[in-house]
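In case you want the letters, here they are:
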Amino acid sequence: MPPSKLDAIYRSLLLTKFFTKGWGKPENLQRIFEFRKLISNRETCYNLVPKDYPIEITKEEVTSDCRIIDGKFTTPLELYLPGLVPKCAQDAHFQMVLPLQWKDPVHKPMCIHLAGTGDHYFWRRRNLIAKPLLKEANLGAIILENPFYGMRKPKDQHASSLHNVSDIFVMGGCLVLESLVLLNWCERNGYGPLGITGLSMGGHMASLAATNWPKPLVLVPCLSWSTASAVFTQGVMSQSINWDVLETQYFSDGNYREKLSKMVTIVDDAFLAGQQFVKTYSESMQELQKDIKEMDDLTTNTNEPVNLGVVNNTKPKDGVKSRLIDIKAHKNLLNLSENLLNKLLSTEKCELTTEEINELNTKIKLALEKIKAENGNDEKKTVLSSTDENSKEKMVLQSDTANNESSTYLSSAINVGRTKLMSLISPSSSSSTSNEITANTVETLPATKRASFDITKTNWWEREATQFMRGMMDECTHLKNFSVPYDTSLIIAVCAKDDAYIPREGCSSLEHIWPGCEIRYLDAGHVSAYVLHQKLFRSSIAEAFERAKKIYDAENAHNLELQQRRLIFPDTTSLRDRIKELQVLKR
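Residues numbered from 1 in each chain as written. Predicted model: local features only at pLDDT ≥ 70, side-chain atom pairs only at ≥ 80, totals over all residues. Heavy atoms only, no water.

A. Representation of the overall build of the chain in the model. Within the chain one finds 24 helices and 11 strands. Within the span of the chain, comprising 587 residues, buried residues form 53% of the whole. Summarising the internal contacts of the chain: among those between residues at least 6 apart in sequence, 78% fall at separations of at least 24. Here the chain has roughly 27100 Å² of accessible surface; of this, 50% comes from carbon and sulfur atoms. (Helix = DSSP H or I, 4+ residues; strand = E, 2+ residues; numbered from the N terminus. Buried < 20%, exposed > 50% of the residue type's maximum accessible area, 1.4 Å probe, protein only. Contact = heavy atoms within 4.5 Å. Areas by Shrake-Rupley, 256 points an atom, 1.4 Å probe, with all protein chains shown as cover.)

Here it is in C-alpha cells:
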C-alpha cells in the first residue's frame, strides 16, 4: 500500500524542526550507548530499580465518575547517568485514573499510558482513552508525563521540538526505568493484572519498557513498529529534521565519525531495501537496453582508466550507464567472478544475492587497498568548508600530485563508480566499507581532475550522516537489541497499513522478533488511524487484559497456596526448604 498522502500533508503543515542543535555532546552519546547495553537486558535492567522505590502522592481528587491521583518521583536515570537529564525533567510526574469502586475485588487491572509525539500533559490521554476504558472495562490507568514534555519541558524548547538527537535517547531511558518504578509500585499496592500501552512514539516506548518486566505484562503498542530508525530517515518525520546542522556537525567533529559511528550498528540487513529497489528499477533497465550497443563501442579495447564524467566527450545519461562503463573499464583490477560480472553487465534486471554483494564489496576494498599501498607516500588532505548554507557543495579538495597519477586517477574512478553502483544496488544502505570508500573518494581525487568527476552530486555526505542516524536509532531503539517480553501472547500490536510516519518496509517484523504476538492492521494512514480508530485501540487493550486475567488468577492461586502452607508449618519450614518447595511447585 502507498504511504498516506494525508500524513505527508499534515506533517508539512507543522513548521516545527527537530534537532536544531545537533546530535548532542559526543561524551553524552557515548554514555548513552554504553548504558543501553544494561537496560536492554531484562535481568540487569530490572535490578537497577529497587522494588520499594519512593513515590510521592501530591494530590487526590474524587469526581462524579472516577478518582484522580497525582504523584511524582525522581527519575532513576539521573542516578545512573547524572547530568544527562535536564533539571526540569528529573521529577517524573504521573496521574492515576481509578474507578470509584472496582467491579471485581480480585481484579484491579492497571495500564500505564505513554505519550506520543506532541502529547503534553495528561488531558488528551485521560479523556480519549483512560476514562473510556474505565467506563467500558473497569480498567485503571496511570498516565506518565514524558521527559521534555509538559511539566518536564525545558523553557527554551519550542513545543515538542527536541534540541538534540541525544534527547530522544534520554527520554527513552527515563521512560523504561520510570515504567519499572510504577509497575513495582502497582504490584505493592495490590493492582493487577498490569499492562502498558501508547500511541505512535508512546507505543514504541511502551514496547521498550515491557521487555524489562520479568512477569506477564499486557502490551498494546499502537501505530509503532520494530525500530525508530525508519521514522527519522525514511518517514515524513525525516523532513522535519535539520539535516544541514547534523551533517555539518558530523563532519566537523571527528568524535562522531571516527568514534561514535563505530559504536552503533544497523540491525536490519541493509541490502534488503536495495535489492527490492533493483527489482523495480525497470525504467533504467529499459534505457540500458537501448544504449547497450553504444556502451560496448565506448568500452571496447579500453585499457586505460575511463573518465567517469566525460567518455569520448560524451556524458553518460544516467548512473546506470556509468555503472556499467566503470565495471567494464576496471573489471581486470576488480577481478570479479565470471557469474557476478555477467550479472552486473546484463541487460536484465540486476538481482544480486547477499553473497554476491559481499563479494563485490570485498573485491573493491582489496583494489583500493592495493592502490593505496602503491601511493602510500602521498600526502593527502581534505578541507570541508561548512560556514554557510552551500558549504557542502563548495568543498575545497587539496591533494599533492601523486607520483603515479594514473594509479591515483584510477583509484578515484573506482571510488566514484563504487558510489554509483551501491546507490543502484542499495540506495538506503551504507556499510562500513561504503563509508571507507566515500572517504577515500575525497582524499585521493586530484584537484585538477575534480571538475570532471563532479563528485558533489553524489551527495555522499548526506548518505553518511543519514546512516549514522539510522545506526544510532537502531542501536538504542531496535527491539532486536532488547529482551523478548516475558509472555508474548499478551501482546496485541495495532498498525496502519499506509503509515507514512512509521515505515515498515526494510525493517524486521514484530512477528519475527516476538513470536506469538498478534498484529492487527488498519486500512488507514497514521493520522487517520489516530483520529478515527481510538475505539479499536481501546478494544484491543481491553481484550489483552481479558487474556491476562487467566494468567493473573493462576498466579494468585499459586501464591495463596504457598501462604497457606507456610501458615501450617511456621516453625519447621526453613528458608532453604521454602526455596525447594517453590522450585517443586514451579515444575
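B. Spotlight on the pattern of salt bridges. Under the counting rule described, the total for this entry stands at 14 salt bridges. Here glutamate 518 makes a salt bridge to arginine 547, at a shortest N to O gap of 2.4 Å. Here glutamate 518 is found in strand β11 (residues 518-522), whereas its partner arginine 547 is found in helix α23 (residues 534-568), with 29 residues between them in sequence. Between glutamate 543 and arginine 547 there is a salt bridge whose closest N-O contact spans 3.4 Å. Separated by 4 residues within a single helix, glutamate 543 and arginine 547 lie in helix α23, roughly one turn from each other. The structure contains a network of salt bridges with shared partners spanning Glu518, Arg520, Glu543 and Arg547. (Salt bridge = Lys/Arg side-chain N within 4 Å of Asp/Glu carboxyl O.)

C. Local environment of the packing of helix α9 (residues 243-252) against helix α20 (residues 460-477). The geometry of α9 relative to α20 is characterised by a closest axis approach of 10 Å and an angle of 90° between their N-to-C directions. Between α9 and α20, the interaxial angle falls into the category roughly perpendicular. Residue-level contacts link Trp243, Leu246, Glu247, Tyr250 and Phe251 of α9 to Trp460, Trp461, Glu462, Glu464, Ala465, Thr466, Phe468 and Met469 of α20. Partitioning the contact of α9 with α20 into residue classes produces 9 nonpolar, 1 polar and 3 charged. (Axes fitted to C-alpha atoms, helices over the stretch in contact; angles between N-to-C directions. Parallel < 35°, antiparallel > 145°, perpendicular 65-115°, else oblique. Nonpolar A, V, L, I, M, F, W, Y, C, P; charged D, E, K, R; others polar.)

D. Representation of the side chain of aspartate 474 within the structure. Residue placement: aspartate 474 occurs in helix α20. Arginine 470 provides the closest opposite charge to the buried, unpaired aspartate 474, separated from it by 4.4 Å. Contact partners of aspartate 474, with chain neighbours within four places excluded, come to Thr227, Ser229, Thr265, Ile266, Val267, Asp268 and Asn481. (Lys, Arg positive; Asp, Glu negative; His and termini not counted.)

E. Region of interest: the nonpolar core. Grouped together as the largest cluster of nonpolar side chains are 98 residues, with contacts concentrated most on Trp23, Phe232 and Met469. Element by element, the count of residues in this core is highest for helix α6 (residues 165-188), at 15 residues. Those residues in contact with tryptophan 23 that lie beyond four places of it in its chain are Leu29, Asn164, Val165, Ser166, Leu246, Gln249, Tyr250, Tyr256, Ala465, Phe468, Met469 and Met472. Among the nonpolar cores identified, the runner-up in size contains 21 residues, and Cys111, Cys222, Leu223 and Ala496 belong to it. (Core = buried A, V, L, I, M, F, W, Y, C linked by side-chain atoms within 4.5 Å.)

F. Main features of the packing of α6 against helix α7 (residues 201-210). In the contact formed by α6 and α7, the axes pass within 9 Å of each other and the chain directions differ by 55°. By the angle between their directions, the pair α6 and α7 is classed as oblique. Between α6 and α7 lies a crossing of right-handed hand. Touching Ile168, Met171, Gly172, Leu175, Val176 and Ser179 of α6 are Met201, Met205, Leu208 and Ala209, all from α7. For the contact of α6 with α7, the residue count by class is 8 nonpolar, 2 polar and no charged. (Left-handed = near helix turned anticlockwise from the far one by under 90°.)

G. Spatial organisation of the confidence of the model for the chain. Predicted confidence across the chain gives a mean pLDDT of 76, with 63% of residues reaching 70 or more. Segment residues 298-321: pLDDT under 50, and 41 contacts once partners within four positions in sequence are set aside and those in other chains are kept. Overall, residues 377-414 carries pLDDT values under 50, and its contacts beyond four positions in sequence, including any with other chains, amount to 74 contacts. (pLDDT = per-residue confidence, 0-100.)

H. Fine view of the pairing of strand β3 (residues 91-98). Taking burial as the measure, the 8 residues of β3 include 7 buried ones, the bulk of the element. Alignment of β3 against strand β5 (residues 140-144), held across 4 bridges, turns out to be antiparallel. The residue of β5 that forms the bridge with glutamine 95 is isoleucine 143. (Pairing = 2+ DSSP bridges.)

I. Inspection of the packing of aromatic side chains at higher detail. For the structure shown, the criterion picks out 13 aromatic pairs. Clustering of aromatic rings is evident, with ring pairs tying together Trp23, Tyr250, Phe251, Tyr256 and Phe468. Cation over ring: arginine 504 sits above tryptophan 225, and NZ or CZ is 5.7 Å from the ring centre. (Phe/Tyr/Trp six-rings, centres within 6.5 Å; stacked < 30°, edge-to-face > 60°. Lys NZ or Arg CZ within 6 Å of the ring centre and 35° of its normal.)

J. Structural context of unusual backbone geometry. Put simply, glycine 192 and proline 193 share a cis peptide bond, and its omega is 0°. With respect to the secondary-structure elements, proline 193 resides in the loop between α6 and β6 (194-199). Look at phenylalanine 148: it is not a glycine, yet its phi comes out positive at around 75°. Look at phenylalanine 148 and you get buried, because its relative accessible area is 2%. Although it is not a glycine, leucine 223 sits at a positive phi angle of roughly 60°. Take leucine 223: it is sitting in the loop between β7 (218-222) and α8 (229-233).

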